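Coordinates in review
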Amino acid sequence: MTRPCSSIFGPFFLILVVLALAPLGYGQTALVDIGLEYGPYPVGFRHSVISDSSRTYHKTYDFSTESIARPIPVSVWFPARTLTTPAEPLKVLDYFQILKQEEEWEHLPDDQLLNWFYYQNTPANQAHLLEKTQAFSGREMAKGSFPIIVYAPSYQASSIENFALCEYLASHGYLVIASPSRGTQTRWFSPKSEMEMETQARDLEFLIGQALKYPGADDTKIAAMGFSFGGLSGVLAQMRNDRIKAIVSLDGTERYQESVLKKSPFFDYGKLDVPYIHMAQKEIPEEVLQSDNINPELNTKFIVYDSLSKSEAYKLKFHHLTHSYFSTLGVLFEKRDPRQDKSDPQIMESYRWVSLYSRMFLDAYLKKDAAAKDFIQNTPHENGIAAGLISHTFKLPAAEPMSFEAFNELASRRDYENLDEIYQTALEKYPGLVIPENALNTLGLQLVFDPEKSEQGIKVLEFATARYPESANLFDSLAEAYLYIGDPAKALESFKKSLELNPKNTNAIHRIEELGG
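Residues numbered from 1 in each chain as written. Predicted model: local features only at pLDDT ≥ 70, side-chain atom pairs only at ≥ 80, totals over all residues. Heavy atoms only, no water.

**Remarks on the layout of surface pockets**
If you roll a probe as big as a water molecule over the atoms, it shows you where there is empty space left. Threshold: With a 1 Å grid laid over protein atoms only, a set of points is called a cavity when a 1.4 Å probe fits there but cannot get out and a pocket when it is open yet has protein on both sides within 12 Å along at least five of seven lines; lining residues have an atom within 4 Å of a point. Grid points are joined across faces, edges and corners, and a volume is the space filled by probe spheres set on the points. Each residue is assigned to one of three groups, with Ala, Val, Leu, Ile, Met, Phe, Trp, Tyr, Cys and Pro labelled nonpolar, Asp, Glu, Lys and Arg labelled charged, and all others, Gly among them, labelled polar.
A volume near 160 Å³ is recorded for the second largest pocket. Taken together, Gly-35, Leu-36, Glu-37, Tyr-38, Tyr-168, His-172, Arg-352, Trp-353, Leu-356 and Arg-359 make up the full set of residues lining the second largest pocket. Considering only residue class, the lining of the second largest pocket consists of five nonpolar, two polar and three charged.

**Some words on empty space enclosed by the protein**
Which entries qualify depends on this criterion: Helix and strand labels come from DSSP, where a helix needs a run of H or I of at least four residues and a strand needs a run of E of at least two; each type is numbered from the N terminus.
Under the definition given, this model contains one cavity of 30 Å³ or more. Reported here for the largest cavity is a volume of approximately 40 Å³. Residue lining of the largest cavity: Phe-404, Phe-407, Asn-408, Ala-411, Tyr-416, Leu-419, Leu-440, Leu-443, Val-460 and Phe-463, and that is the complete set. Only α14 (404-413), α16 (437-448) and α17 (454-467) provide two or more residues apiece to the lining of the largest cavity. Here the lining of the largest cavity gets four residues from one element, more than from any other, and that element is α14. Across the lining of the largest cavity, the residue classes break down as nine nonpolar, one polar and no charged.

**Some thoughts on a nonpolar patch on the surface**
Short version of the rule: The patches reported here contain residues having more than 30% relative accessible area and no salt bridge. Joining distances are 9 Å for like charges and 5 Å for nonpolar side chains (Val, Leu, Ile, Met, Phe, Trp, Tyr). Only the protein chains shown count as covering a residue, and every accessible area follows the Shrake-Rupley method with a 1.4 Å probe. A side-chain nitrogen of Lys or Arg and a carboxyl oxygen of Asp or Glu constitute a salt bridge if their distance falls within 4 Å.
On the surface, a nonpolar cluster with roughly 280 Å² of combined accessible area is contributed by Phe-449, Tyr-484 and Ile-485. Following the sequence through the fold, Tyr-484 ends up in helix α18 (residues 472-485).

**Examining the environment of Tyr-38**
As a reminder, the rule being used: Burial classes follow relative accessibility: with a 1.4 Å probe on protein chains only, a residue under 20% of its type's maximum area counts as buried, one over 50% as exposed, and anything between as partly exposed. Every residue pair with non-hydrogen atoms within 4.5 Å of one another is taken to be in contact.
Looking at the secondary structure, you find Tyr-38 in the loop between α1 (11-17) and β1 (43-57). A residue is classified by how much of its surface remains accessible, and Tyr-38, at 30% relative accessible area, is partly exposed. As a C-alpha pair, Tyr-38 and Leu-169 span 131 residues in sequence and 8.1 Å in three-dimensional space. Residues within four places of Tyr-38 in sequence aside, it is in contact with Gln-134, Ala-164, Glu-167, Tyr-168, Ser-171 and His-172.

**Quick word on the packing of aromatic side chains**
Test applied: Whether two aromatic rings pair depends on their centres lying within 6.5 Å, for rings of Phe, Tyr and Trp, where Trp uses its six-membered ring; planes under 30 degrees apart make the pair stacked, over 60 edge-to-face, and the rest tilted. Here, a charge over a ring is recorded when the distance from Lys NZ or Arg CZ to the ring centre is within 6 Å and its angle to the ring normal is within 35 degrees.
Using the criterion set out here, one finds 26 aromatic pairs in the structure. Residues Tyr-357 and Phe-375 carry aromatic rings whose centres are separated by 5.0 Å and whose planes lie at 50 degrees to one another, so their mutual orientation is tilted. Taken together, the residues span a long stretch of sequence, with Tyr-357 in helix α12 (residues 344-365) and Phe-375 in helix α13 (residues 370-377) at a distance of 18 residues. Neither residue differs from the other here; Tyr-357 and Phe-375 are each classed as buried. Joined through ring pairs, the aromatic side chains of Phe-45, Trp-77, Tyr-95 and Phe-163 make up one cluster. Cation over ring: Arg-255 sits above Phe-302, and NZ or CZ is 5.0 Å from the ring centre. Over the face of the ring belonging to Phe-302 we find Lys-315, whose NZ or CZ atom lies 4.8 Å from the ring centre.

Pasting the structure below:
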């Protein structure tokens, strides 16, 4: 028996899944071998299906023309109250029950799960289904205030594809909410990737609304996390919704598929002004690039990261991970590719670091944890990571140029004393600082002609002539200022300097005659 064909083999699916396919090798290690250090909270888990009545949908395998409200399966991991009675955690098999529901094969027999969902029905994979997870159903949320993570799965993938990472974050005090990567009209994506990206971004906004129904959800601390195609949708969701304050991209395709992102009417790098971290797969070997017809630019392009100017942005490359292994299901069930994959222990170790970097980034920017920020800005070596495992770089947002108004505000608070020192200090912080001549001239005269601020005006004009020693107009204004405050000697000196710079300055000529110079 074979699974019916569907549009799952869309363009993104073919680009991405080919990176993991190979004829030999299967994962043998257990879930516990990932070695995640869970936090202080037990992990609660809930799953439900909620309808979005603002959109319509067709169930693929009902063979009906009936339109229904868009059903959105919602998986939520959250910090739970301490368990007071013995309880059994969920098994991986329980997550697969959600997978088959989201794939609209609710009544599929369990013995068909692996074959039906493109995983090899090996003894190792059967054993994975029986492994215990960290999540418990039927639990109440712990008391407290918890940041929200909205998770966007990869191309047409399940809400539970990264359950180990979601459990890990929940144990450290995050409310993590996810829905499947589902097409606009049906379970499957259409060829219009930009439309499906937009739909998934809307699903993420819907999830934010659902998350805020939890009593401990902190509506001021929301991040988007996306894997693969979900990385595109996470970036777009932030451009659409400024409640999202940080972005985690797990080898998100936005790094080389900017052309899809740009097709959205909401595309605007100016809005992408929140902290951003992109964790990318290893270099794809030349052999694989050629044999699988993969664009070599996948190894080098980081378009979104390179385009950011208003964000604190981080770029990491994991040299032991191919694309599929940024998800729990990939780590546990995907084939190992002997042409490029590392050993199971190396894959597990790298997935553990992906999880830790995700948490530290979120701790740094949602929880304002200074130690976590130090961690993500350290070199991998400084964090105790073996050489050759991770490449790391980051950039801070370009400093906004200091405006003349901001400079004047700073100077006025100091009564325009030591203006040159104020200027030099500002110049160190804002190397592009420019203090316009005309602005200084106007400000100086306005201050001079205010009897209570005349001395301040003189200081501004003296500073201005020092900054622009070839400006006849500034020396003329300074001379008028000296006359106004009753210092004709200095006025005459400045008028002469102005005339020297501009022999046609008739005002200076007349004033010098009046002053007997």
